[in-house]
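Notes for the structure review
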Amino acid sequence: MHFFAGFSGTLTGVLILLSIGLLACFSKKHAAYNLDPLGAKGAFEPLLVKYLRAAEFFIGLATASIVLLVGSSAFNGHGRLPWFYASPLLLLAMCVLYGVVFMVWLIFSYEDYQHGNPHTARNYAVSETLGFSSLACFCIGYIWLVLAVVR
């Protein structure tokens, strides 16, 4: 039974977010975390750049894949993609969504931390949830896409 084309991908993306979120929430042992390694002020900034660059990389690959695949449908006789491409494309779109929100959240929470507010376990869990969900949607979406193409 199919609810709509891409339902499986949408459900998978939401389940990824929820399961990683629960895991991240229950793995925190402290109420607050020091973002600067070894207490050195500003020590997180090089790490922040690396996290943002990794997110940009996955977002770029996912969006390029979506654009390339959807754009290639113009050369197809019907101008549409088969329905079975919807789920992996939606997972790649969720990778982009989670990745963009991860980047904004990470910058926001680090700025909040620099203003003297504690980096709470909740903030840390949200960062991990968004970052790892983006990565998981990317990997699973790509594997799913490869399987859909070669079937």
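Preceding this section is the structure that the text describes.
Since this is a predicted model, take the numbers as computed values, not measurements. (Residues numbered from 1 in each chain as written. Predicted model: local features only at pLDDT ≥ 70, side-chain atom pairs only at ≥ 80, totals over all residues. Heavy atoms only, no water.)

**Digging into the overall build of the chain**
- Broken down by element type, the chain carries 4 helices and 2 strands.
- Counting helices and strands in the order they occur from the N terminus, the chain gives α-β-α-α-β-α.
- Over its C-alpha atoms, taken along the principal directions, the chain stretches across nearly 60 × 30 × 20 Å.
- Counting over 151 residues, the chain shows a buried share of 37%.
- Restricting to contacts in the chain with at least 6 residues of sequence separation, those with at least 24 account for 83%. (Helix = DSSP H or I, 4+ residues; strand = E, 2+ residues; numbered from the N terminus. Buried < 20%, exposed > 50% of the residue type's maximum accessible area, 1.4 Å probe, protein only. Contact = heavy atoms within 4.5 Å.)

**Some details on the packing of aromatic side chains**
- Counted under the stated rule, the structure contains 12 aromatic pairs.
- On the basis of an interplanar angle of 50 degrees and a centroid distance of 5.0 Å, the ring pair of Phe-44 and Tyr-110 is categorised as tilted. Of this pair, Phe-44 sits in the loop between β1 (32–33) and α2 (45–72) while Tyr-110 is found in helix α3 (residues 86–114), placing the two residues 66 residues apart along the sequence.
- A residue is classified by how much of its surface remains accessible, and Tyr-110, at 4% relative accessible area, is buried.
- An aromatic cluster is present here, built from Phe-44, Tyr-51, Tyr-110 and Tyr-113 joined pairwise through their rings.
- If you follow Lys-28 out to its NZ or CZ, it ends over the ring of Tyr-124, 4.4 Å from the centre.
- A cation over an aromatic ring shows up here: Arg-151 above the ring of Phe-84, its NZ or CZ 4.5 Å from the ring centre. (Phe/Tyr/Trp six-rings, centres within 6.5 Å; stacked < 30°, edge-to-face > 60°. Lys NZ or Arg CZ within 6 Å of the ring centre and 35° of its normal.)

**Comments concerning the packing of α2 against helix α4 (residues 121–150)**
- Contact geometry of α2 with α4 gives a least axis separation of 10 Å together with a crossing angle of 30 degrees. Relative to α4, the element α2 is oriented roughly parallel. For the element pair α2 and α4, the recorded crossing hand is left-handed. Contacts between α2 and α4 involve Phe-58, Leu-61, Ala-62, Ser-65 and Leu-69 from the former and Leu-135, Phe-138, Tyr-142 and Leu-145 from the latter. (Axes fitted to C-alpha atoms, helices over the stretch in contact; angles between N-to-C directions. Parallel < 35°, antiparallel > 145°, perpendicular 65-115°, else oblique. Left-handed = near helix turned anticlockwise from the far one by under 90°.)

Note that all results are geometric; they support no functional claim without further evidence.
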